[in-house]
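# Structural characterization, general
For reference, the chains in residue letters:
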Amino acid sequence: MKNKALKRLIYGLLIIVGSLPSFSFASGNSLQTDTVTGTGYKIKTIIVDPGHGGRPSGTTGTYSHGASGSFSTERSVTLALAFKLQAELEKQLSTVKVVLTRTTEDDVSLQRRAEIANENKGDLFISLHCNSLPNRGVREVVGHKHHKAIYKTIEVADHSGRGVLILVYGFHRTKEEENAIKQNLIEGGDSSEFDTNPDPNDPASMILMNEYKRKYRKQSIHLAELLVTEFGADGRKIEGIREQGVHVLCHSAMPAVLVETGYIDNADDEAYLNSEQGQNEIVASIVRAVQSYKNEVEGVTVTQPQ
Ligand SMILES: [Zn+2]
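Below is a summary of the structure that appears in this document.

## Quick notes on the sheet that holds strand E7 (residues 238-244)
- Overall, mixed pairing links the six strands, which are arranged E2-E1-E3-E8-E6-E7 in an open sheet. At either margin of the open sheet sits one strand with a lone partner, and together these are strand E2 (97-100) and E7. Going from strand to strand, the sheet's axes swing by 20° on average, the running direction of each strand aside.
- Where strand E1 (residues 45-50) and E2 come together, four bridges link them in parallel fashion. For Val48, the partnering residue across the bridge sits in E2 and is Leu100.
- Across the sheet, helix H2 (residues 74-92) lies against E1, E2, strand E3 (124-131) and strand E8 (256-263), angled at about 145° from E3, the strand it touches most.
- Helix-sheet contacts for helix H8 (residues 276-299) involve E1, E3 and E8, and the interaxial angle to E3 is about 155°.

## Some thoughts on H2
- A rise of 1.5 Å per residue sets the reference length of H2, with its 19 residues, at 27 Å; its end C-alpha atoms lie 26 Å apart and thus fit the reference within 8%.
- If you check which residues of H2 are buried, you get Glu74, Val77, Thr78, Leu79, Leu81, Ala82, Leu85 and Leu89.
- The inward-facing, buried residues of H2 abut E1, E2, E3, E8, helix H7 (267-274) and H8.

## As for the pairing of E3
- The buried fraction of E3 is high, at eight of eight residues.
- As defined by bridge partners, E1 adjoins E3 across five bridges and the pair is classed as parallel. In the sheet register, Pro50 faces E3, and the bridge partner there is Leu128.
- Of the pairings in the sheet, the one linking E3 to E8 comprises six bridges and is parallel in character. Pairing of Leu128 across the sheet is with Val259, part of E8.

## Quick look at the packing of H2 against H8
- Interhelical geometry of H2 versus H8 gives an angle of 45° and a closest axis separation of 9 Å. Comparing the axis directions of H2 and H8 gives the class oblique. In terms of crossing hand, the pair formed by H2 and H8 is right-handed. Of the residues in H8, those touching H2 at Ala80, Leu81, Lys84, Leu85, Glu88, Leu89 and Gln92 are Glu276, Gln279, Asn280, Ile282, Val283, Ile286, Val287, Val290 and Gln291.
- Split into classes, the residues belonging to the contact of H2 with H8 amount to nine nonpolar, four polar and three charged.

## Some points on the coordination of the zinc ion
- Taken together, the protein donors to the zinc ion comprise His52 (NE2), Glu74 (OE) and His129 (ND1), at separations of 2.1 to 2.2 Å.
- All donors of the zinc ion belong to a single chain; written as a sequence motif, their spacing is H-x21-E-x54-H. Taken together, the residues span a long stretch of sequence, with Glu74 in helix H2 and His129 in strand E3 at a distance of 55 residues.

## Description of the pattern of salt bridges
- Under the defined criterion, the tally for this structure stands at eleven salt bridges.
- In this structure, Arg113 and Asp49 form a salt bridge, with 2.9 Å as the shortest nitrogen-oxygen distance. One end of the pair, Arg113, is in helix H3 (residues 110-119); the other, Asp49, is in strand E1, and 64 residues separate them in sequence. Asp49 shares its class with Arg113; the two are buried.
- A salt bridge links Glu105 to Arg75; the nearest nitrogen and oxygen atoms lie 3.5 Å apart.

## Topic: the environment of Thr229
- By secondary structure assignment, the location of Thr229 is in helix H5 (residues 203-233).
- In sequence terms Thr229 and Ser285 are 56 residues apart; their C-alpha atoms lie 8.7 Å from each other.
- Only 3.0 Å separates the side chain of Thr229 from the backbone oxygen of Glu225, close enough to count as a polar contact.

## Describing the side chain of Glu270
- Structurally, Glu270 is set in helix H7.
- In terms of polar contacts, Glu270 uses its side chain to reach the side chain of Ser72, at 2.8 Å.
- Ignoring anything within four residues of it in the chain, the contact list for Glu270 reads Gly69, Ser70, Phe71, Ser72, Tyr263 and Ile264.

## With respect to unusual backbone geometry
- Positive phi, close to 65°, is recorded for His52, a residue that is not glycine.
- Residue classification places His52 among the buried residues on the basis of a relative accessible area of 17%.
- Despite not being glycine, His147 has its phi angle at roughly 65°, a positive value.
- Examined against the element boundaries, His147 turns out to sit in the loop between strand E4 (136-145) and strand E5 (148-156).

Rules used throughout
Residues numbered from 1 in each chain as written. Predicted model: local features only at pLDDT ≥ 70, side-chain atom pairs only at ≥ 80, totals over all residues. Heavy atoms only, no water. Pairing = 2+ DSSP bridges. Helix = DSSP H or I, 4+ residues; strand = E, 2+ residues; numbered from the N terminus. Axes fitted to C-alpha atoms, helices over the stretch in contact; angles between N-to-C directions. Contact = heavy atoms within 4.5 Å. Expected span 1.5 Å × (residues − 1). Buried < 20%, exposed > 50% of the residue type's maximum accessible area, 1.4 Å probe, protein only. Parallel < 35°, antiparallel > 145°, perpendicular 65-115°, else oblique. Left-handed = near helix turned anticlockwise from the far one by under 90°. Nonpolar A, V, L, I, M, F, W, Y, C, P; charged D, E, K, R; others polar. Donors = N, O, S within 2.8 Å, 3.2 Å for Na, K, Ca; no water. Salt bridge = Lys/Arg side-chain N within 4 Å of Asp/Glu carboxyl O. Polar contact = N/O pair within 3.5 Å; in protein donor to acceptor, adjacent residues only side chain to side chain.

The values are spatial; any link to function lies outside them.
Take a look at the structure:
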């Protein structure tokens, strides 16, 4: 990270942390317990992020095409869901503006997606994806030699995944990440992968970053919980909430969740994800969760930052 960028980041964080609503989601219903009269925070802008995308024509390079099913692709399903979600959120939550990070089949870089979110001063970031399972290794007898079976491991497709999984950003850095950050600092490079991490040797910037992440993390997890409740109410199989180091989640300066809306490599889920009814139900679940979240955030009053 370059120094100027770091200073800008810290300055930006001070403003963000200072104006954040602060409340505890530790036990779901204890919202009121550690809050006092506050600032009238309103959710005005929601960023909807359709995952992946195809390679723009006339360009080269690698693109995160996403998962595929037997007749559909993740990038098309997430784009269709994003348009529906945008329309429905703006209809149901009439004061809210919804900004999409991708509006065509062409891929948008993860960095650009986070920039779009931050430039539009999003209050909430919802990334839409479809899940799939990697191939499974199976040991198979391929012959015999001296009365002993000869085995070979073959890869077979695993279509057993089903249901909804919600990801929130987990910021426990691995040793590799720490090393990469340090290496980057030593070499004075500017790796975009780590460009929002503060100098790990500067206690002041680390405290600030941790405080900032702690606040968004709580809100992100709470939104994830509301999503789980709403998807569950629609009878979807729920895989739960998982913390993961997702680039686009941690680079957006707002509470952020990633919704794995279903397994595109599972026949039932793929049919559901592509059906009008399935898409409408998914969108309705998300809208209900966002509505609850918005009511809570705007209803609760806020503590002044310490
Ligand atoms: Zn994906």
